[in-house]
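Tertiary structure, described
Each chain, letter by letter, is given below.
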Amino acid sequence: MKVLHLTKVICFAFLCAFFWRTPVQAQSSSDYTLVVEGYDWGPAVSKVIVALGAPSNNVDFKDFTVAVTRSSDCATIPDALKSGNRTVVFAYISDAQGNRIKEGLHATLVLAVAPNMPLSSPFQYSQSGQCRGNSWVNYQVNVTNPKTNQVWNKEKARLRLGIDEFDLTGKYEYEAGKTMSYAAFTPKNKSAKNPLIIWLHGGGEGGTDPTIPLIGNKAFNYASADIQKYFGAAYVLVPQCPGAWMHNKEGVMQPGSGEDVYNVGLMALIKVYVAQHPDIDPKRIYVGGCSNGGYMALKLILKEPAYFAAGYISALAYQSQYITDAQISSIKNVPMWFIHCKEDATTKPDLTVVPVYERLKKAGAKNVYFSYYDHVTDLSGFFGGDNYYYNGHWSWIYSHVNHAQLDYDGSLVRLNGRPTTIMEWMAAQRKK
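So, a few notes on the structure that sits alongside this text. These figures come from a predicted structure and were not determined experimentally. (Residues numbered from 1 in each chain as written. Predicted model: local features only at pLDDT ≥ 70, side-chain atom pairs only at ≥ 80, totals over all residues. Heavy atoms only, no water.)

1. A few points about the sheet that holds strand 12 (residues 167–175)
The mixed open sheet is built from eight strands, whose spatial order is 12-13-15-14-16-17-18-19. Because the sheet does not close on itself, it has two edges, and the strands there are strand 12 and strand 19 (368–373). Neighbour-to-neighbour, the strand axes of the sheet open up by a mean angle of 20°, direction not taken into account. Running at roughly 45° to strand 13 (residues 178–185), helix 4 (residues 263–276) makes contact with strand 12, strand 13, strand 14 (194–200), strand 15 (235–240) and strand 16 (280–290) of the sheet. (Pairing = 2+ DSSP bridges. Helix = DSSP H or I, 4+ residues; strand = E, 2+ residues; numbered from the N terminus. Axes fitted to C-alpha atoms, helices over the stretch in contact; angles between N-to-C directions. Contact = heavy atoms within 4.5 Å.)

2. Focus: the packing of helix 4 against helix 5 (residues 292–303)
Viewed as axis vectors pointing N to C, helix 4 and helix 5 meet at an angle of 80°, and their least axial separation amounts to 11 Å. Considered as vectors, helix 4 and helix 5 are oriented roughly perpendicular to each other. Side by side, helix 4 and helix 5 meet where Asn263, Val264, Leu266, Met267 and Ile270 of the first sit next to Met296, Lys299, Leu300 and Lys303 of the second. Each residue belonging to the contact of helix 4 with helix 5 can be placed in one class, and the counts come to six nonpolar, one polar and two charged. (Parallel < 35°, antiparallel > 145°, perpendicular 65-115°, else oblique. Nonpolar A, V, L, I, M, F, W, Y, C, P; charged D, E, K, R; others polar.)

3. Let's talk about the state of the cysteines
Within this structure, the stated rule accounts for zero disulfides. Counting only cysteine sulfurs, Cys241 is the nearest neighbor of Cys290, a cysteine outside any disulfide, at a range of 13 Å. Relative accessible area serves as the criterion here: at 1%, Cys290 is assigned to the buried category. (Disulfide = S-S within 2.5 Å. Buried < 20%, exposed > 50% of the residue type's maximum accessible area, 1.4 Å probe, protein only.)

4. Remarks on the pattern of salt bridges
Evaluated as defined, the whole model comprises 14 salt bridges. Glu37 is the salt-bridge partner of Lys47, the closest N and O atoms lying 3.0 Å from each other. Of the two residues, Lys47 sits in strand 2 (residues 42–56) while Glu37 sits in strand 1 (residues 31–39), which places them ten residues apart along the sequence. Given the relative accessible area of 19%, Lys47 is considered buried. The partner of Asp164 in a salt bridge is Arg160, with the nearest N and O atoms 3.0 Å apart. What makes Arg160 partly exposed here is its relative accessible area of 23%. (Salt bridge = Lys/Arg side-chain N within 4 Å of Asp/Glu carboxyl O.)

5. Comments concerning the packing of aromatic side chains
Within the structure shown, the criterion is met by 28 aromatic pairs. The interplanar angle of 80° and the centroid separation of 6.1 Å between the aromatic rings of Tyr182 and Tyr273 together place this pair among those described as edge-to-face. With Tyr182 in strand 13 and Tyr273 in helix 4, the pair connects residues that are 91 residues apart, well separated along the chain. One exposure class covers both Tyr182 and Tyr273, and it is buried. Aromatic side chains Trp337 and Trp425 sit 5.5 Å apart centroid to centroid with 70° between the ring planes, which places their arrangement in the edge-to-face category. In this pair, Trp337 is assigned in strand 18 (residues 336–341) and Trp425 in helix 9 (residues 422–427), connecting sequence segments 88 residues apart. Judged on exposure class, the residue Trp337 and its partner Trp425 are both buried. A connected cluster of aromatic rings, assembled from ring pairs, spans Tyr39, Trp41, Phe382 and Phe383. The positively charged end of Lys431 is found above the aromatic ring belonging to Tyr307, 5.9 Å away from the centroid. (Phe/Tyr/Trp six-rings, centres within 6.5 Å; stacked < 30°, edge-to-face > 60°. Lys NZ or Arg CZ within 6 Å of the ring centre and 35° of its normal.)

Okay, here's the thing in structure tokens:
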């Protein structure tokens with residue numbers, strides 16, 4: 001009897017263990033969701049959302065390790081940037097979208113990001129291979145919890161904060177058989193007439209994927225609540241050049257010395273987009289851009305100065321020597337705000353923005369400003385603040401986050417007698 005009783009106990013314990021553990025195993029998942037955010041320096045994978053095996057109300061970030069592998073079918077990735085470990089700095093219970101809740105089936109792991117952490121970037125900049133400029137990489141994550149032996153290694157979804165609010169399907173045939181992609185933001189609380197903000201990307205964001213110019217240098221921020229509040233509600237249009245805005249017909253960069261092959265088609269795209277949205281106010285159309293895009297923004301203003309209410313241009317690549325005095329005179333009444341850095345070795349200010357600005361002022365321009373920085377620094381304060389220097393070419397940072405507020409002489413730009421910022425100033429500009 002004792003042997004039989006012991007056998008029953010053992011069998012009962014085995015069955016209990018089996019049925020107790022089986023549901024947890026059935027609920028466990030290897031899925032994860034990546035969260036990509038745009039920062040001043042570019043995009044980064046900032047969070048990973050993992051599906052838990054059962055509801056939980058507590059999670060410890062120290063229980064997780066995150067390893068990443070970056071690969072590309074066309075961009076050249078240095079060996080040191082192909083794989084490595086990411087640092088988990090915090091974790092919390094969340095829903096599937098990463099929103100914090102008291103109890104849930106997911107955990108969101110917050111990862112360390114910084115401008116000098118290239119492993120955090122889902123982009124790779126390449127000057128060789130099939131992908132020139134910035135392109136998305138294959139970003140594979142492997143999350144483990146050594147305590148539970150759980151592994152998450154299958155990407156289920158990807159949240160791209162900021163850019164997912166844009167329509168990314170835009171295509172315009174600017175020549176027979178040639179199309180130009182574009183991203184477009186439609187404001188939710190529109191009025192009868194709404195302004196249009198146009199942003200033209202730099203030389204590293206061309207191609208056929210409009211997410212790249214949106215998040216490559218934080219252009220999506222023109223649709224943010226912080227900037228939209230100045231305009232009431234504004235459309236945002238971000239065309240993408242198939243190559244580079246400054247390319248001539250031979251595909252060679254020219255700084256204004258010749259004719260590019262895109263300005264006619266781009267202007268046609270803009271006019272078609274405006275015609276398709278009759279609630280866009282034709283008196284409040286603003287055009288801006290950086291580097292290659294700064295060249296093109298000024299090019300469009302030079303060609304049709306009466307069309308735009310204002311221009312906002314950073315890291316101007318258009319060389320002053322190729323702009324005639326007559327052209328300068330023709331645009332002196334167009335409100336413009338230039339942004340540049342003295343350390344810019346790519347679009348050298350003494351050849352571009354400095355003489356253009358000075359010639360405009362000499363010609364009698366009254367509503368033209370120029371924020372001229374010694375360095376491009378960390379505006380967030382997390383990476384050294386004023387002591388951290390970005391590449392001097394990246395002056396568009398001050399435009400995207402509405403930071404520019406000083407004129408060429410260091411004085412505050414004023415609007416109606418009080419200090420203002422570039423976006424507040426621009427929102428106040430209207431064609432007469």
